[in-house]
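Residue-level listing of the chains:
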Amino acid sequence: MAIDRKQSVLDAASKSFSLFGYKATTMDQVAKMANVGKGTIYTFFKNKEELFDEIVSRMIRDMLQQAESAISSERTFFENAQAAIYRMLQFRTEHQLMLKLVQEQEMGTSAVKDVLVQVENEILTYIKNRIEAAIAKGEIQNCDPEVTAFLLVKMYIALVYDWEKQHKPLSEQQISELIELYFLRGLFTK
């Protein structure tokens, strides 16, 4: 029964944060949406920040599961890296809470900025770990995995989002070819 109530609170909070944002969501609102008393929420979470952290942690786990589902043993490291990055960025643009957080970030909410930094760090760590594994297997040359992950993700973001601000959007295939042309060929082993 307690697990059901906690899940109801999490579902309601996720919906409220997605609809109204972090700043406008209140514990009273979450309690009403979850059909529980406000005190019930406090049996599971100390405050709104802790509740928000739990929602964000679950969202990040879901995003990383999406990335992992894009990996195939049939493909090269680079094909898998691109597929995983694309899946994570796609998750960010389709997940209702992420969309709301990006909107709210523009208003300067510090808790939201912190969460978006956390999401980006999770993406970078995931890619860094994949790069380290590829180095260990001899699939790519030895390099700084952290810098390489950063550059790869930032290049992908630039081609997906920044390019579209002034140009016709690139297809996933075009982005893949450009990343291979400008970035990845130098990492292939001989």
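Residues numbered from 1 in each chain as written. Predicted model: local features only at pLDDT ≥ 70, side-chain atom pairs only at ≥ 80, totals over all residues. Heavy atoms only, no water.

*Asks:* Explain the environment of aspartate 144 to me, please; I cannot follow it from the model alone.
*Replies:* With respect to the helices, strands and loops of the structure, aspartate 144 is situated in the loop between α7 (110-137) and α8 (145-162). Along the sequence, aspartate 144 and lysine 128 sit 16 residues apart, while their C-alpha atoms lie 8.9 Å from each other. (Helix = DSSP H or I, 4+ residues; strand = E, 2+ residues; numbered from the N terminus.)

*Asks:* What should I look at first to understand the pattern of salt bridges in this one?
*Replies:* Note that side chains of opposite charge can pair when their charged atoms are close. Under the defined criterion, the tally for this structure stands at 7 salt bridges. Two residues, glutamate 50 and lysine 46, come together in a salt bridge whose shortest N-O distance is 4.0 Å. The partner of glutamate 132 in a salt bridge is lysine 128, with the nearest N and O atoms 4.0 Å apart. You can see glutamate 132 and its partner lysine 128 sitting in helix α7, 4 residues apart, about one turn around the helix. Judged by relative accessible area, which is 24%, lysine 128 ranks as partly exposed. (Salt bridge = Lys/Arg side-chain N within 4 Å of Asp/Glu carboxyl O. Buried < 20%, exposed > 50% of the residue type's maximum accessible area, 1.4 Å probe, protein only.)

*Asks:* Got a minute to help me understand a nonpolar patch on the surface in this structure?
*Replies:* A surface patch of nonpolar side chains, amounting to about 260 Å² of accessible area, comprises Leu19, Phe20 and Met33. Mapped onto the elements of the fold, leucine 19 is located in helix α1 (residues 2-24). Its relative accessible area of 44% is what places leucine 19 among the partly exposed residues. (Patch = residues over 30% accessible without salt bridge, like charges linked within 9 Å, V, L, I, M, F, W, Y side chains within 5 Å. Areas by Shrake-Rupley, 256 points an atom, 1.4 Å probe, with all protein chains shown as cover.)

*Asks:* Would you take a moment to explain the confidence of the model for the chain for this structure?
*Replies:* As a note on interpretation, predicted positions should not be read in detail where pLDDT is low. Averaged over all residues, the pLDDT of the chain is 87; the fraction at 70 or higher stands at 95%. Taken element by element, the chain is modelled with least confidence in helix α9 (residues 172-184), mean pLDDT 81, and with most confidence in helix α2 (residues 27-34), mean pLDDT 94. (pLDDT = per-residue confidence, 0-100.)

*Asks:* It is not clear to me how the packing of aromatic side chains should be interpreted in this structure. Could you clarify?
*Replies:* The geometry of two aromatic rings is summed up by the distance between their centres and the angle between their planes. One pass over the structure, following the stated rule, counts 5 aromatic pairs. Relative to tyrosine 22, the ring of phenylalanine 17 lies with its centre 6.0 Å away and its plane at 15 degrees, an arrangement referred to as stacked. The burial state of phenylalanine 17 is the same as that of tyrosine 22; both residues are buried. Residues tyrosine 22 and phenylalanine 52 carry aromatic rings whose centres are separated by 4.6 Å and whose planes lie at 55 degrees to one another, so their mutual orientation is tilted. Taken as a pair, tyrosine 22 in helix α1 and phenylalanine 52 in helix α4 (residues 48-69) lie far apart in primary sequence, 30 residues in all. Residue tyrosine 22 is classed as buried on the basis of its relative accessible area of 8%. (Phe/Tyr/Trp six-rings, centres within 6.5 Å; stacked < 30°, edge-to-face > 60°.)

*Asks:* Before we go on, may I ask you to explain the nonpolar core in this structure?
*Replies:* Generally speaking, a soluble globular protein has its nonpolar side chains buried in company with each other. Formed by 57 residues in total, the largest nonpolar core has its most connected members in Ile41, Leu51, Leu101 and Ile127. When residues of this core are traced back to their parent elements, those giving at least two are α1, α2, α4, α5 (77-94), α6 (96-105), α7, α8 and α9. Top contributing element to this core by residue count: α7, with 11 residues. With near-sequence residues (within four places) excluded, leucine 51 lies in contact with Val9, Leu10, Ala13, Phe17, Met27, Val30, Ile41 and Phe45. (Core = buried A, V, L, I, M, F, W, Y, C linked by side-chain atoms within 4.5 Å. Contact = heavy atoms within 4.5 Å.)

*Asks:* Got a minute to help me understand the packing of α5 against α8 in this structure?
*Replies:* Helix packing geometry: the angle between the two helix axes and the distance between the axes. Orientation of α5 relative to α8, taken along the N-to-C sense of each, is 55 degrees, at an axis distance of 11 Å. Between α5 and α8, the angle falls in the class oblique. Classified by chirality, the crossing of α8 by α5 is right-handed. Contact residues: α5 offers Ala81, Gln82, Ile85, Tyr86, Leu89 and Thr93, while α8 offers Leu152, Val153, Tyr156, Ile157 and Tyr161. (Axes fitted to C-alpha atoms, helices over the stretch in contact; angles between N-to-C directions. Parallel < 35°, antiparallel > 145°, perpendicular 65-115°, else oblique. Left-handed = near helix turned anticlockwise from the far one by under 90°.)

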